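Structural features, examined
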Amino acid sequence: MNKVLNFDTGFVWSMRLMALLVIGLVVAVGYVLVQGSSEAFQKFGLSFITGREWDPIMGSYGSLPFIVGSLLTAFLALLISIPFSMSIALYLGEFANKGKISAIFTSLVELLAGIPSVIYGFWALFYLVPVVRWIQERLDIPPIGVGIFSAALILAIMIIPFSASIAREVIRMVPVGLKEAAYALGATRLEVIKDVVLPVGKSGIFAGIMLALGRALGETMAVTMVIGNNNIMPDSLFSPANTIASLLANEFAEADSSLYVSSLVGLGLVLFVMTALINFLGKMLIRRLSK
Amino acid sequence: MLATMEYKETEQATATSVKVHVEGLRFFYGASEALHGITLDIPEKQVTALIGPSGCGKSTFLRTLNRMNDLIENTRVEGLVEVLGDNIYAPGYDLAELRRRVGMVFQRSNPFPKTIFENIAYGPRIHGVRDRATLEEIVEKSLRNAALWDEVKDRMNQSALGLSGGQQQRLCIARALAVDPEVILMDEPASALDPRSTAAVEDLILELRNQYTIVIVTHNMQQASRVSDFTAFFYEGDLVELGKTPNLFTCPREKRTEDYITGRFG
């Protein structure tokens, strides 16, 4: 008896330790970001965040263009991806939720999540950017190709598997009894989806969308390859720009002064806080939805 | 087949009119045959109980009457099922209308995670009722018919999930009544309820039989004898015997029926 109890206590404590280690890591990352960026924040104060000028040669560092770039590409990507991921989720969760075809489809969608970011980047450069250029020619816009819109397109493709997989699982878990209740009243399949499946699954589906948004905000490699790497405030959906992540990837290696490095770390802190804030807001929304 | 013919000869006088007519109904899950040619008539405004051991096909049979089995993939139906005079398996038959006229109550109460009002109003809404006053009228009438109105009238806008198990099941009955069905199918409606709630549901069935044709699947033979006018005994996918409930329980014609109701198997 005692032996069992001792083992249990030890087991629980070892798990607790592992869990604490993860929290410790978050704190350590936060500490490094705060510590590393203190020089930049001391020098510029709040204008580090609100400043529109990022000019390492002149020694001026304002991050607003990249904050806007990150939010714009991520939300645009989300907007583009939702119709696709929800269709996939409904098809695999509600229509073809059994059998071989469904299994193949499901693993293909999951495979999409496993393709390395750099490969998405290459693919986008060779196939998406020319398409965007073609669109720009039709719209009488300088056919640059690379820019916010191209980045959002490739991001949309990259995040589809995340929101689709979670929404699919949530849709599969909607109790059969509830669906039968609606069918037995004479509901059509569309009505069952609209009135039962989606309302019951909405908080889970939303959680999946939030996860996808988090991915989109932090995605670096593919975005860096197609966003055009331009350090000015984006003034249209097609303008070449930078996200926080793509700027960090591009400029970290060449940062030659301590203020430069500190400003880049400060951008990292901004992204960290932004992601945490969006996660927090998402959780609040999910809680309200699931009431 | 034999049982049905006898029933027709001896008891047709009491069955005023037939609401459901089934002939040679066979049902398949994939390759396995779950119903081997069922023939029976279900009389109007009476309670017909379907009894039999687990797996005898009574629930499958019930679910062929509003085509709920269509939702299960890889199933097949042969034979004739006429509900309210129409062959419901005819190509192009309007399923929504069938299910409006043939309501269903399930074994486990399954209220929508919505308010009490919205649960009842959902059926009328999908059949095109938009007017708020009409909806309110239907909701009150349905809840009154399900003997639930007095218990819930002050909390129409609260979640239906806050009701007790027995209340939830009566809510589901009210929800089925709200689309004005003529036939109500009940699949072991009281099997998950405590004795008091079971009694409430049984009382309700006795109330409803004046207005509706009810087909109830039950495991509980006492329940069948308490609430039903006719009882059909199913065994291994066959209809063994169908008769007036008191007759079937006191002097069954078939040996298998007798064995089952005296508790020798099942």
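For clarity, every value in this text was computed on a predicted model and none was experimentally measured.

1. Observations concerning the overall build of chain B
Within chain B, the regular secondary structure consists of 11 helices and 10 strands. Radius of gyration (C-alpha) of chain B: 18 Å, near the 18 Å computed for a compact globule of 266 residues. Within chain B, buried positions represent 53% of all 266 residues. Expressed as a percentage of contacts within chain B between residues at least 6 apart in sequence, the contacts between residues at least 24 apart total 67%. As presented, chain B carries roughly 11,500 Å² of accessible surface, and 46% of it is formed by carbon and sulfur atoms. Seen as two clouds, the 30 positive and the 37 negative side-chain charges of chain B have centres 4 Å apart.

2. Let's talk about the side chain of Arg 170 of chain B
Along the chain, the position of Arg 170 of chain B falls in helix H7 (residues 165-177). In contact with Arg 170 of chain B, other than residues within four places in its own chain, are Ala 146, Ala 147, Leu 148, Glu 151, Ala 200, Val 201 and Leu 204 of chain B.

3. Quick word on the packing of helix H4 (residues 116-126) of chain B against H7 of chain B
Residues and elements named next belong to chain B. Across the interface, H4 lies against H7 with an axial gap of 7 Å and an inter-helix angle of 35 degrees. As H4 runs across H7, the sense of the crossing is right-handed. The segment H4 lies against H7, with Ile 116, Asn 119 and Ile 120 engaging Leu 171, Ala 174 and Arg 175. Its residues placed into classes, the contact of H4 with H7 shows 4 nonpolar, 1 polar and 1 charged.

4. With respect to the interface of chain A and chain B
Contacts between the two partners involve 15 residues from chain A, matched on the other side by 22 residues from chain B. Carbon and sulfur atoms supply 64% of the area buried between chain A and chain B, which totals about 1,500 Å² over both sides. Sorting the residues of chain A by area buried against chain B places Glu 180, Ala 184 and Leu 185 of chain A first, and these three jointly supply 40% of that buried surface. Our count for the contact surface shared by chain A and chain B stands at 1 salt bridge. Linking Glu 180 of chain A and Arg 63 of chain B is a salt bridge whose minimum nitrogen-to-oxygen distance equals 2.8 Å. At the junction of chain A with chain B, the criterion picks out 4 residue pairs in polar contact (both at pLDDT 80 or more).

5. Here's the deal with the confidence of the model for chain B
All names here are of chain B. For chain B, mean pLDDT is 90; residues scoring 70 or higher make up 94% of the total. Across chain B, H4 holds the top mean pLDDT of 96, while helix H1 (residues 2-11) sits lowest at 46. Contacts of residues 1-15 to residues separated by more than four positions or lying in other chains number 24 contacts, the stretch itself having pLDDT below 50.

6. Concerning the packing of helix H4 (residues 100-114) of chain A against helix H6 (residues 148-172) of chain A
All names here are of chain A. Contact geometry of H4 with H6 gives a least axis separation of 8 Å together with a crossing angle of 145 degrees. Here Ser 102, Thr 106, Val 109, Glu 110, Leu 112 and Ala 113 of H4 lie close against H6, whose contacting residues are Pro 161, Phe 162, Ala 164, Ser 165, Arg 168 and Arg 172. Taken together, the residues of the contact of H4 with H6 sort by class into 6 nonpolar, 3 polar and 3 charged.

7. A closer look at the pattern of salt bridges
In total, this model carries 23 salt bridges over all chains according to the counting rule given. A salt bridge links Lys 194 of chain A to Asp 195 of chain A, with the shortest nitrogen-to-oxygen separation between them at 3.3 Å. In this structure, the salt-bridge partner of Glu 118 of chain B is Arg 125 of chain B, at a minimum N-O distance of 2.7 Å. Look at Arg 125 of chain B and you get partly exposed, because its relative accessible area is 26%.

8. Observations concerning the nonpolar core
Ranked by size, the top nonpolar core spans 108 residues in total, and within it Trp 54, Ile 244 and Leu 267 of chain A together with Phe 61 and Phe 234 of chain B carry the most contacts. Element by element, the count of residues in this core is highest for H6 of chain A, at 14 residues. Residues within four places of Leu 267 of chain A in sequence aside, it is in contact with Phe 48, Trp 54, Ser 63, Phe 66, Ile 244, Leu 247 and Leu 248 of chain A. By size, the runner-up hydrophobic cluster in this structure holds 45 residues, among which are Leu 135, Leu 177, Tyr 235 and Ile 261 of chain B.

Reading the values: rules and limits
- Counting starts from 1 at the beginning of each chain's written sequence and moves along it residue by residue.
- Starting at A for chains and at 1 for ligands, labels are handed out in the order in which the entities are written.
- Thresholds applied to this predicted model are a pLDDT of at least 70 for local features of residues and 80 or more for the giving and counting of side-chain atom pairs; totals over whole chains, interfaces and linings are not thresholded and use all residues.
- Excluded from the side-chain calculations are hydrogens and water; all other atoms, namely the structure's heavy atoms, are used.
- Numbering of helices and strands runs from the N terminus, with a helix taken as a DSSP run of H or I at least four residues long and a strand as a DSSP run of E at least two residues long.
- A radius of gyration in this sense is built from C-alpha atoms; the matching globule rule multiplies 2.2 Å by the number of residues raised to 0.38.
- Think of it in three bands: residues with accessible area under 20% of the maximum for their type are buried, residues over 50% are exposed, and the middle band is partly exposed, with areas taken using a 1.4 Å probe on protein chains only.
- Note on contacts: a residue pair is in contact if any heavy atoms of the two residues lie within 4.5 Å.
- Note that accessible areas follow from Shrake-Rupley with a 1.4 Å probe, and for residues the cover is restricted to the protein chains shown.
- A positive count includes Lys and Arg, and a negative count includes Asp and Glu. His and the chain ends are not counted in either.
- We put the charge of a Lys on NZ, of an Arg on CZ, of an Asp on CG and of a Glu on CD.
- Note on geometry: axes are C-alpha line fits, over the in-contact stretch for helices, and angles between N-to-C directions span 0 to 180 degrees.
- In this scheme the crossing of two helices becomes right-handed for a clockwise turn of the near helix relative to the far one and left-handed for an anticlockwise turn of less than a right angle.
- Here the term charged refers only to Asp, Glu, Lys and Arg, the term nonpolar to Ala, Val, Leu, Ile, Met, Phe, Trp, Tyr, Cys and Pro, and the term polar to all other amino acids, Gly among them.
- Note on terms: buried area is the combined drop in 1.4 Å-probe accessible area of two parts once they are placed together, counting the loss on both.
- One speaks of a salt bridge when a side-chain nitrogen belonging to Lys or Arg is within 4 Å of a carboxyl oxygen belonging to Asp or Glu.
- By the criterion applied in these results, polar contacts are pairs of N or O atoms within 3.5 Å in which, for protein atoms, one can donate a hydrogen and the other can accept it, and in which residues neighboring in sequence qualify only through two side-chain atoms.
- Note: pLDDT gives the predictor's confidence per residue, expressed from 0 to 100.
- Among the buried residues, those of types Ala, Val, Leu, Ile, Met, Phe, Trp, Tyr and Cys that are joined through side-chain atoms within 4.5 Å form a nonpolar core.

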